[in-house]
Amino acid sequence: MNILILGSGGREHSLAWAILQNPKCDRLIVAPGNAGTGQIAENADIDILDGDAVAAFAQDNTIDLVIIGPEAPLAAGVADTLRAMGLAVFGPSAAAAQLESSKTFTKTICDAAGAPTADWKRFEDATTAKDYVTQQGAPIVIKADGLAAGKGVVVAETLAEAHAAIDDMFGGTYGAAGASVVIEECMFGQEASFFILSDGTSILPVGTAQDHKRAYDGDTGPNTGGMGAYSPAPCLTETIQKQVLDDIIQPTINEMAKRGTPFEGVLYAGLMIEDTGRARLIEYNTRFGDPECQVLMMRLGGQILDLILACAQRRLGEMTVNWANDHALTVVMAAKGYPGDYEKGTKIKGLDGLPQDSQNMTFHAGTETKDGTTIATGGRVLAVTGRGETLAEAHQRAYAATKTITWPQGFLRTDIGWRAL
Ligand code: AMP
Ligand code: GLY
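Residues numbered from 1 in each chain as written. Chains lettered and ligands numbered in written order. Predicted model: local features only at pLDDT ≥ 70, side-chain atom pairs only at ≥ 80, totals over all residues. Heavy atoms only, no water.

Bringing the site of ligand 2 into the picture now. Asp211, Gly225, Tyr268, Arg287, Gly289, Asp290, Pro291 and Glu292 make up every residue found near ligand 2. The contact in question runs from a nitrogen atom of ligand 2 to an N or O atom on the backbone of glycine 225, over 2.8 Å. At 2.9 Å, a backbone N or O of aspartate 290 approaches an oxygen atom of ligand 2. In isolation ligand 2 offers 200 Å² of accessible surface; the protein chains occlude 84% of this area. Residue composition of the shell around ligand 2, grouped by class: two nonpolar, two polar and four charged. (Near = heavy atom within 4 Å. Polar contact = N/O pair within 3.5 Å; in protein donor to acceptor, adjacent residues only side chain to side chain. Areas by Shrake-Rupley, 256 points an atom, 1.4 Å probe, with all protein chains shown as cover. Nonpolar A, V, L, I, M, F, W, Y, C, P; charged D, E, K, R; others polar.)

With that settled, consider the environment of proline 205. Relative to the helices and strands, proline 205 is located in strand E11 (residues 203–211). Residue proline 205 is classed as partly exposed on the basis of its relative accessible area of 25%. Spatially, the C-alpha atom of proline 205 lies 9.0 Å from that of glutamine 241, the residues being 36 residues apart in sequence. (Helix = DSSP H or I, 4+ residues; strand = E, 2+ residues; numbered from the N terminus. Buried < 20%, exposed > 50% of the residue type's maximum accessible area, 1.4 Å probe, protein only.)

Attention now moves to the sheet that holds strand E9 (residues 181–185). Spatially, four strands are ordered E6-E9-E7-E8 in an open sheet, and the strand pairing comes out antiparallel. Taken across any chain shown, the strands that pair with only one partner, and hence form the sheet edges, are strand E6 (120–123) and strand E8 (153–156). Between one strand axis and the next, the sheet turns through 20 degrees on average, direction left out of account. As defined by bridge partners, strand E7 (residues 140–144) adjoins E9 across five bridges and the pair is classed as antiparallel. Its bridge partner lying in E9, isoleucine 140 is registered against glutamate 185. In the packing of helix H7 (residues 103–113) onto the sheet, contacts are made with E6, E7, E8 and E9, and the angle to E6 comes to roughly 145 degrees. (Pairing = 2+ DSSP bridges. Axes fitted to C-alpha atoms, helices over the stretch in contact; angles between N-to-C directions. Contact = heavy atoms within 4.5 Å.)

Structural data, given as structure tokens:
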């Protein structure tokens, strides 16, 4: 079959790499892709936010399945346009993608479904919001309601910080995403991520992970899209996974179906594992995480295509995952200055000699090939990934590979996985 993946990150490179291991894949195109996807598949330069352009491209290239990687095309309704044409699509409708694009929507669904999450209230003006915060006390969590590229959340330790965050959001720092603000109870515990496929009715878990959001060692520095991740997450035990599926995920899927907006795709649940051993939902994303996808693909390999296809064809109930007893860990190499300003167009050397097999993979994110050389074009540039029977083995493989890469303008964290190791 002919498959089109939308996106250009390490997530999409890892999806492409895993899918190519499945003999069902005849032709694979990644749009717009990066240097890494260009080496193993075809890249195509199309505007992935334009549903009609993607649909026309899919028709011209007799595409059988479209996999949507990032959140922006989901929120733009690209999955709706493609489904309306009768194409098999992996990724939720714009209505179902509100589980990521609107915090109020998610909270309303959780309340209707009885899914445990932080207590919350929504505000349309700064004065009422500040009065509420003063009454509740700190710590307290302030969130821009809409999509803010993972940046619209402030965990305020003091009332002054909370008031400043409210002023910031209503002042337009996050654009339209801050037109309304959600204020939440602050939860405490260990954070972990859980990834679950759904075809609108059935659910199938495809792995757990933990990431490192801060830029520098010791979980310090500014928040980023993620500087590394590992899978599985030891704190998400079998018992807690079952509680999450029974109390949070299946009720959410049922509620979405009941409303006539079934969720079809991958649900990424950000969870807080509280000291009581119970998990509550922090938030949903409606796509794979980046770099969490890289460690999940390393563990799942070619079977991901069968699972995605079953999801798109609404027969997920027939499927199971073949788990190996393995661990994976990925280290992100980013351009110095990221997540702030950074230099573009710098040369990366030492990639050619790296092993690329079931235990070692260097996934590309912000890269391009220019005159035969790999050039860094983005903030997060490579996700150097290892797999092994233990997390320590996966860690050793990933860090060994980073040492053979020469890129003076890049940096990485040296402590990915510290919590689990
Ligand atoms: P989000 O964008 O909703 O994932 O929030 C970003 C981060 O803020 C999360 O990964 C948590 O570390 C933190 N966070 C969000 N909501 C809460 C909450 N209600 N209680 C404690 N921490 C939170
Ligand atoms: N790594 C976090 C995310 O993809 O949202």
